[in-house]
Amino acid sequence: MTQPASNLRVRRTQKLLREALIEFEERGFEALTIGELTSRAMVSRAAFYRNYQDKYDLVEQIFEEAMSALLNAVGELGLEHPPESWVTFFEHIAEYERLYRALLGRKGSPWFVRKMRALLVAV
């Protein structure tokens, strides 16, 4: 079960784990272990499991936050998809570039690819 994000220590742990996840881009998401992730983030396994059920839960939460930010930014422009919405879309991609490269790249997460594709088709 996820801890309340208002706790500074919890937010710091989550940030470190997310940054560590992105650093394993070359290794590949599927080969990544919780031990490697927590070691790179310099947090305990217990801290990881206080925040996430597994590495897929970590990616799910990152995905939800990134997609919420994207949909909020593009959604403000309306359903007509004016040129500004594409600028906003690509600005979002640039902001989350390391995340998308790690999770959508050659050695990324097939789960993340399917989830992203489904969300973009629904928009």
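Before reading on, note that the structure itself is shown above.
None of these values were measured; they are calculated from a predicted model.

Orientation of helix α1 (residues 8-23) relative to helix α6 (residues 97-104), taken along the N-to-C sense of each, is 55 degrees, at an axis distance of 8 Å. The pairing of α1 with α6 is recorded here as oblique in orientation. When the axes of α1 and α6 are compared, the crossing they make is left-handed. Across the interface between the two elements, Leu21, Ile22 and Glu23 from α1 touch Arg98, Leu99, Ala102 and Leu103 from α6. Looking at the contact of α1 with α6 residue by residue, the class counts come to 5 nonpolar, no polar and 2 charged.

Take the pattern of salt bridges next. Side chains bearing opposite charge may pair, as long as their charged atoms lie close to each other. Applying the stated criterion across every chain yields a total of 4 salt bridges. For the salt bridge of Glu19 with Lys15, the shortest nitrogen-to-oxygen distance reads 2.6 Å. In this pair, Glu19 and Lys15 both sit in helix α1, 4 residues apart, roughly one turn of the helix. Relative accessible area serves as the criterion here: at 30%, Glu19 is assigned to the partly exposed category. Note that Lys115 and Glu60 form a salt bridge whose closest N and O atoms lie 3.4 Å from each other. Here Glu60 lies in helix α4 (residues 55-75) and Lys115 lies in helix α7 (residues 110-122), a separation of 55 residues in the sequence. Classification of Lys115 as partly exposed rests on a relative accessible area of 27%.

Thresholds, definitions, all that
Residues numbered from 1 in each chain as written. Predicted model: local features only at pLDDT ≥ 70, side-chain atom pairs only at ≥ 80, totals over all residues. Heavy atoms only, no water. Axes fitted to C-alpha atoms, helices over the stretch in contact; angles between N-to-C directions. Helix = DSSP H or I, 4+ residues; strand = E, 2+ residues; numbered from the N terminus. Parallel < 35°, antiparallel > 145°, perpendicular 65-115°, else oblique. Left-handed = near helix turned anticlockwise from the far one by under 90°. Contact = heavy atoms within 4.5 Å. Nonpolar A, V, L, I, M, F, W, Y, C, P; charged D, E, K, R; others polar. Salt bridge = Lys/Arg side-chain N within 4 Å of Asp/Glu carboxyl O. Buried < 20%, exposed > 50% of the residue type's maximum accessible area, 1.4 Å probe, protein only.

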